[in-house]
Amino acid sequence: MNSLGGVCVRGVLIVGGGISGCTAADMLAQSHIPVYIVDKSKNIGGKAINYGCKATDTCLKCNMCLTQDIWQNVNDNRYIDIMTGADVLSCQGDKGDYRVMIRLEDGLEREINVSYIIVAIGFQPYDLKNKGFFGYGLYKNVLDGLDVEQLLKQRTPETLPFINPSIKKLAFLQCVGSRDVQDKAPYCSKVCCAYALRMGQTIHHYYPNIEITYFYMDIQEVGGVFSDYYDRLVGNGFKFVLSRPVMVEEAEDGGLEVIHEDLAKASVVREKFDMVILSQGIRPADDVDYIADVFDLGYDANGFLKGIGRWSETGIYLAGTAKGPMNIADSMADARRVAMEIITDYRTAAIASGVM
Amino acid sequence: MQHRILIIGNGDDAAMAARAVVAVGMEALVIGEGAFPIADDRVTYKDGWTLKHIEGQIGAFEAVFDTSDGEQTETVSSIIAATGADMVPCSLMNSAGDKAVSFKDLPALLNAKEYTLPMAVVFIQDADVDDGQWVSAIGINLARQVRKMWGCDVYYLCRFIRGSHFEVENAYRMARAEGVVFIKYSKDSLAVMPAEGKTTVSFNDYTQEISIQADMVVMSDVLKPQTQTSSLTQKLGIGINHEGFFQYDNAYYPFTATNRRGVYVIGACKGPAGLNDVSGDAAYTALDIKIQLDELRPIADVIAEINLFKCSLCLTCLRFCPHGALHVSDDMPSMVVYDMACQGCGICGAVCPAEAINLADNGKALMKESSGQKRLKVYCCKNSAKKALDAINMVAQLPQGVELAEMPCSGSIKPEELVNDIYAGFQRILILACYSDACRHVNGNADMRRQMKALQDTLADMGIARDSIVVMDVAGPSSDDVLEKINSAYNAIGLEVAL
């Protein structure tokens, strides 16, 4: 319990301590609204805290720098109570008065009483085991987008930690697990073109002699001023191949071969690369069904969460990639919007009770 | 208190902004040319008013308008620019003959009572620029309508389907199922030519040269900034990007808030990227405004202070301030700071030739003092280098001769401070600034670089090595990079001493 304009108020429970959850928490805490964050992992920060800056000699607007304030503000904030390694067990009550049972890391249970709930459980990256034929986990030079994001964080002035001198040709495979009807993901994951094109530029900046090829279906908007993005990259010497590869195999000399259809030759070719990066897509979080059950939420056509009824009636809000693919900036904007709706509600209530 | 928000523009974007503003209980004053789509007693629409200039800050902007009755002044709490953009036909339309229409004009043809049914209709996207998602969304739906209503062959030529919104991806799938033929053409291979009552569209589809005889060609429009955009950015004191749309191309401005607190931009006036979720942006903006106005407080802990006796009204600070936070006092011959607008970057203090402006401690604070010999002094921007160092907690382990200072923006560095450092015995000064386009204060890093160049020249004349001052770009998430840059700057001094 805490005060807002003199009224004792129940707080807000945020399920998930990733960038969306923490952005909302930061915003609410700034308005002195008590917040509880429950995260099932050991630390808050979700996936975004592990992403790296992709600047070359200039900023590429991956927006990672915007997240840094958030982590700092959320830790050691007197309005924010963080429970890591914790699970939500049940949720009872109604708007303005929810009682949520939480199992803490030490196994003890704790009931908290909140007015609003924000479900910000994020996403899980596409499981590359389903596409074993791309050799992820089998060949050491097949990486995925998340691997590279995390390795970018360890960049130094001269080197990127995952590139060694033997790498001369590098391929990005786009839409791995996205826009894929067989794999029950008929949607675009929205972020992969943006991160892969940025990563390519970062790698090119450090190692201009590495030849970079993208296998793509369509290049999506990258954000910001984008209309000349593709042309600029072609100017860098990047190759774009309109083709969906079918397999990655190890070559006899230890390199990798990407097997794909060459449209101009109208035949299947094997092209050699030294490293392959799989741009894996965004899938609903692994515990999406459990969370939907606890908070009585629905699904959209692709299995992401969707609210039932109007938010303002239930007081249970969704934020960020729990709702579908979103980039960092969109997730933050979405979380801020949710937080602001809640803040406005609190203030209206405070005015109604005559204290503000 | 009732907040009144000025909305500039009279199109759909402005209407969405007005709806969002009244939805959170504020009033809207809308200015534009021509009719306004919505009527609401909380929305005042002034047809024909144009903005002349604004004064003031969030909570109380004085906006001066040109009207048919002369000049009018209104006080508004906040401002939203939602002027939209111009849709212009793509350049191929000029050579395409009279069988070509633009996406914008097709609906009128579809609704017409009488027309000759075409046999083949070709849609073309991405002819001039790589079109955005909004173009794919409009084009695919038009193609489906044509296929359904006219039952003719429909070809859809594009370079990329921008289907990152699920509705577009879904429409794309449905269109293919309904018989629209999608073909991707390679860049620069497209030509559209009138020929014997038809139009020949030829292109390379990555496998071969193809040409289609079309009865009608439908081409996407290109979004261009409105002519008033650049003068409006100057009147409002906000950024413009290199394509001429509102908002700086800067990592800190992906949202609707601009560099001037209380001034927002939404919709197509931000360029194609502004079109992704206009209603969401409008709701977001209205809430953001309301929350700030209800409890208006400064955003910076420390703001600039002006010494009235030193200020000579040269207006240098006014030109350099990225946040429109300075103005000429009404009753004193001096500049004054808007307390709600100042973001404490210290750029004004660094550029003031009269030394009339300061932040407390000139915006600097020591993060680590050097113990023993003073060798390297590092200035860390608190938006990047400081965050990177805080994240790894390694400051204490840096060599003893290193002194670290934090600063609100690299633009806050005064040449005099560095000269003092050199006099104090530091052999080298390392400035860790943010990458270009990633400065929280727009151009603080670029201004600093210019100043440092001049300082290095002066030092060189005095016989002090240019590399006594080193500037490097860093980012908050790259801690190892920052540490390595500090260590290598330090070790380089060691080498010189050894020689």
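Residue indices begin from 1 for each chain and proceed along its sequence in written order. By the order in which they are written, chains take letters starting at A while ligands take numbers starting at 1. Totals for whole chains, interfaces and linings use every residue, but because this is a predicted model, local features are given only for residues with pLDDT of at least 70 and side-chain atom pairs only at 80 or more, for both listing and counting. Only hydrogens and water are removed before side-chain values are computed, so all heavy atoms of the structure are retained for them.

## Points about the pairing of strand β14 (residues 198–204) of chain B
Residue and element names in this part refer to chain B. For every residue, the accessible area (1.4 Å probe, protein chains only) is compared with the maximum for its type, and the residue is labelled buried under 20%, exposed over 50%, or partly exposed between those bounds. The secondary structure listing takes helices from DSSP runs of H or I that are at least 4 residues long and strands from runs of E that are at least 2 residues long, numbered from the N terminus. By the criterion of burial, β14 is predominantly enclosed, with 5 of the 7 residues buried. Of the strand pairs in this sheet, strand β13 (residues 191–195) and β14 are connected by 5 bridges, and their pairing is antiparallel. Residue pairing for β14: A195 is matched across the bridge by K198. Two strands are counted as paired when DSSP detects at least two bridges linking them. Two successive antiparallel strands, β13 and β14, enclose a turn made up of 2 residues, where E196 displays a positive phi of approximately 45°. The pairing of β14 with strand β15 (residues 209–214) spans 6 bridges and is classified as antiparallel. Residue T199 lies in a different strand from β15, and its bridge partner there is A214.

## Observations concerning the pairing of strand β6 (residues 70–76) of chain B
Residue and element names in this part refer to chain B. Relative to β6, strand β5 (residues 60–67) runs antiparallel, the two sharing 7 bridges. Within β6, the residue paired with A63 across the bridge is E74. Hairpin geometry of β5 and β6 is characterised by an intervening segment of 2 residues between the two adjacent antiparallel strands.

## With respect to the pattern of salt bridges
Within this document, salt bridges are pairs made up of a side-chain nitrogen of Lys or Arg and a carboxyl oxygen of Asp or Glu, the two lying within 4 Å of each other. Scanning the entire structure with this criterion turns up 51 salt bridges over all chains. Two residues, B:R440 and A:D69, come together in a salt bridge whose shortest N-O distance is 3.0 Å. Placement of the pair is B:R440 in the loop between β26 (428–434) and α11 (444–461) and A:D69 in helix α2 (residues 64–74), with the two residues belonging to separate chains. Of the residues examined, A:D69 reaches a relative accessible area of 18% and is grouped as buried. With its nearest N and O atoms 3.4 Å apart, the salt bridge here joins A:D345 to A:K95. Here A:D345, found in helix α8 (residues 328–352), pairs with A:K95, found in the loop between β6 (87–94) and β7 (97–103); they are 250 residues apart in sequence, far enough to count as distant. Bridged by salt links that share partners, the residues A:R179, A:D218, B:E169, B:R173 and B:K184 form one connected network.

## Describing the interface of chain A and chain B
Here, residues are in contact when the closest pair of their heavy atoms is within 4.5 Å. In this assembly, 56 residues from chain A lie in contact with 62 residues from chain B. In short, buried area is how much 1.4 Å probe accessible area vanishes from two parts on joining, totalled over both. Together chain A and chain B conceal approximately 5100 Å² of surface at their shared face, both sides included; 55% is due to carbon and sulfur atoms. The interface formed by chain A and chain B includes 11 salt bridges. Of the charged contacts in the structure, one is a salt bridge between A:K61 and B:D437, with a shortest N-O distance of 2.8 Å. Polar contacts, as counted here, are pairs of nitrogen or oxygen atoms within 3.5 Å of one another; within protein the pair requires one atom able to donate a hydrogen and one able to accept it, and residues that are adjacent in sequence qualify only if both atoms are side-chain atoms. Linking chain A with chain B are 25 residue pairs in polar contact (both at pLDDT 80 or more). The set of elements that each furnish at least two residues to the side of chain A that touches chain B consists of α2, α5 (229–235) and α8 of chain A. The biggest single contributor to the side of chain A that touches chain B is α8(A), with 10 residues. Classification used: nonpolar for Ala, Val, Leu, Ile, Met, Phe, Trp, Tyr, Cys and Pro, charged for Asp, Glu, Lys and Arg, polar for all others including Gly. Here the side of chain A that touches chain B is composed, by residue class, of 28 nonpolar, 13 polar and 15 charged.

## Examining the confidence of the model for chain B
Across chain B, the average pLDDT comes to 93, with 99% of residues at 70 or higher. Of the two predicted TM-score estimates for the complex, the pTM is 0.93 and the ipTM is 0.92. What pLDDT expresses is the predictor's confidence in each residue, scored from 0 to 100.

## Quick look at the nonpolar core
Buried residues of nine kinds, namely Ala, Val, Leu, Ile, Met, Phe, Trp, Tyr and Cys, make up a nonpolar core once their side-chain atoms join them within 4.5 Å. Core analysis: the largest hydrophobic core is formed by 142 residues, its most contacted members being A:L28, A:I118, A:I203, B:L6, B:L51 and B:L236. The leading source of residues in this core is α8(A), at 11 residues. Not counting residues up to four positions away in its chain, the partners in contact with A:I203 are A:L160, A:F162, A:I163, A:L170, A:F172, A:I210, A:I212 and A:I277. Judged by nonpolar contacts, the second largest core, of 30 residues, contains B:F103, B:W150, B:F182 and B:F245.

## A closer look at the sheet that holds strand β4 (residues 50–57) of chain B
Residues and elements named next belong to chain B. Pairing in this open sheet of 3 strands is antiparallel, and the strands run β4-β5-β6 from one edge to the other. Of all the strands in the sheet, the pair left with one neighbour each is β4 and β6. For this sheet the average axis-to-axis angle between neighbouring strands, irrespective of direction, equals 20°. Both β4 and β5 contribute to a ladder of 7 bridges, which runs antiparallel. What sits directly across from Q57, in β5, is A60. To obtain each axis, a line is fitted to C-alpha atoms, and for helices this fit is confined to the stretch in contact; angles are then taken between N-to-C directions over 0 to 180 degrees.

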